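# Secondary and tertiary structure notes
Take a look at the letters that make up each chain.
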Amino acid sequence: MPPRFSGFRIRTAMVLAAPLLLSAMAACTSLTSSDVTPNRYASISIRARNSTGGRAVANATAIFFEAYTAAVPNSALQQTDQCAYSTVDTTVVVTKGVKKAGAAVTLGIGTTTVTMPYDDLYFRYANAEASPFTYGAGDVAQATIPGDAAVYPATAISVRLAEPLVPGIITVPTGTTPMAFTWNAAGDSTSAIILSLRYANPATASYANEQIYCSLKDDGFHQLPTSALAAFLASPNSKRSLVMTRWRTREASLDVRTILHIASSVDTTLVFQP
């Protein structure tokens, strides 16, 4: 049995970081599989990074597909803090859909309307990557799906956008002092935090190939014991970094075989200074 350190379980695992693909650490819900026809899914993802002036800059995609069952991440179910060692996957993954449900999906954010036309190459809806949109804390996005009678019904769903993430000062520990992480908690129970502390292991590795990956409650505080940081502390400072992500989801069951899911995430990357 691997040792445990204040909720930190030491294990080797490959963990996918994208909130829509979380299954190893975040609790999920799903529709019941059908014996006759597959279920219908719509997945809308709004991905952002911290910007200036307390705002975030974002892009969005929407995909439609059918499956007998699929894991649907739910940020509100992240009730415990869980961490694990895992490799850092540097593969660039492009999200692809299967079905088309109308000409364009739109996002309404305050007085701003973001149009997401259908992309025939990736079978998905997306705004132009070169033309991202911005938002601030407290903003809500409403996604409107035009629908296609043979594919997916016309509908709409909204989500409170993941607030820009502001980490506190982080100090590399000495002795037995734990490594503490603080951030601006969202103040509600619908969001969760992903923390990825990256480093080279062994220290001679050419890049940050390992991470301590944590799936956390969004309560503004977490700490790691020094007993779990041996490889991080041995790594050259130039290969250490921290990526923190806040994510929030919402879902709706439109009927017994149709689910609509929307996720918002925002991340920030910190590099440890010499």
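Overview of the structure.

Reading the values: rules and limits
- Residues numbered from 1 in each chain as written.
- Predicted model: local features only at pLDDT ≥ 70, side-chain atom pairs only at ≥ 80, totals over all residues.
- Heavy atoms only, no water.
- Helix = DSSP H or I, 4+ residues; strand = E, 2+ residues; numbered from the N terminus.
- Buried < 20%, exposed > 50% of the residue type's maximum accessible area, 1.4 Å probe, protein only.
- Contact = heavy atoms within 4.5 Å.
- Areas by Shrake-Rupley, 256 points an atom, 1.4 Å probe, with all protein chains shown as cover.
- 1 Å grid on protein atoms, 1.4 Å probe; cavity = no way out; pocket = protein on both sides within 12 Å on 5 of 7 lines; lining within 4 Å.
- Points joined across faces, edges and corners; volume = space filled by probe spheres on them.
- Disulfide = S-S within 2.5 Å.
- Core = buried A, V, L, I, M, F, W, Y, C linked by side-chain atoms within 4.5 Å.
- Salt bridge = Lys/Arg side-chain N within 4 Å of Asp/Glu carboxyl O.
- Polar contact = N/O pair within 3.5 Å; in protein donor to acceptor, adjacent residues only side chain to side chain.

## Comments concerning the overall build of the protein
Each helix and strand in the protein was counted, giving one helix and 19 strands. Here the protein, with 274 residues, has 46% of them falling under the buried criterion. A separation of at least 24 residues holds for 72% of the contacts in the protein among residues at least 6 apart in sequence. Carbon and sulfur atoms form 55% of the exposed surface of the protein, whose accessible area is close to 12,900 Å².

## Quick word on the environment of leucine 260
Within the secondary structure, leucine 260 is located in strand 19 (residues 258-271). Judged by relative accessible area, leucine 260 falls into the buried class, the value being 0%. Leucine 260 sits 216 residues away from isoleucine 44 along the chain, and the two C-alpha atoms are 8.2 Å apart. When sequence neighbours within four positions are dropped, the list of residues in contact with leucine 260 reads Ala42, Ile44, Ile145, Tyr152, Thr155, Ala156, Ile157, Arg250, Glu251 and Ala252.

## Topic: empty space enclosed by the protein
On inspection of all chains with the given rule, the structure shows one cavity of 30 Å³ or more. Empty space within the largest cavity amounts to approximately 50 Å³. Lining the largest cavity, in full, are Arg40, Tyr41, Phe64, Phe65, Glu66, Lys99, Ala150, Val151 and Tyr152. Within the residue set of the lining of the largest cavity, elements represented by two or more residues are strand 4 (39-50) and strand 5 (55-67). Tallying contributions element by element places strand 5 first for the lining of the largest cavity, with three residues.

## What to know about the state of the cysteines
Here, the word disulfide means a covalent bond between the sulfur atoms of two cysteines. By the definition in use, this model includes one disulfide. For cysteine 83, the disulfide goes to cysteine 214, at an S-S distance of 2.0 Å. Across the disulfide from cysteine 83 to cysteine 214, rotation about the S-S bond amounts to roughly 115 degrees, and the bridge is consequently right-handed. Here cysteine 214 lies in strand 16 (residues 210-217) and cysteine 83 lies in strand 7 (residues 82-87), a separation of 131 residues in the sequence. Both residues of the pair, cysteine 83 and cysteine 214, count as buried.

## Points about the nonpolar core
Among the nonpolar cores identified, the biggest contains 31 residues, and Ile46, Tyr135 and Ile145 are the most heavily contacted of them. Mapped onto this core, the elements with two or more residues apiece are strand 4, strand 5, strand 8 (104-109), strand 9 (112-119), strand 11 (133-136), strand 12 (140-145), strand 13 (155-160) and strand 19. Ignoring any residue separated from it by four or fewer positions in sequence, one finds isoleucine 46 in contact with Ala58, Asn59, Ala60, Leu107, Phe133, Ala141, Leu161, Ile262, Ala263, Ser264 and Ser265. Counting 21 residues, the second largest nonpolar core, distinct from the first, contains Met179, Phe181, Ile212 and Leu216.

## Digging into unusual backbone geometry
Looking along the chain, the bond that leaves asparagine 201 and enters proline 202 is cis, with omega of 5 degrees. Note on placement: proline 202 falls in the loop between strand 15 (191-199) and strand 16. Unlike most non-glycine residues, phenylalanine 123 shows phi in positive territory, near 55 degrees. Looking at phenylalanine 123, the relative accessible area reads 40%, which means it is partly exposed.

## Some details on the pattern of salt bridges
Where charged atoms from two side chains of opposite charge come close, those side chains can pair. If you walk through the whole model with that rule in mind, you get seven salt bridges. Close ionic contact of arginine 160 with glutamate 163 constitutes a salt bridge, the shortest N to O distance being 2.5 Å. A relative accessible area of 31% means that arginine 160 is categorised as partly exposed.

## Describing the side chain of asparagine 59
As for its placement among the helices and strands, asparagine 59 is situated in strand 5. Within the structure, asparagine 59 has its side chain in polar contact with the side chain of asparagine 127 (distance 2.8 Å). Within polar-contact distance, the side chain of asparagine 59 engages the side chain of glutamate 129 at 3.4 Å. Non-local contacts of asparagine 59, meaning those with residues more than four positions away in its chain, are made with Ser45, Ile46, Arg47, Asn127, Ala128, Glu129, Ser131, Pro132 and Phe133.

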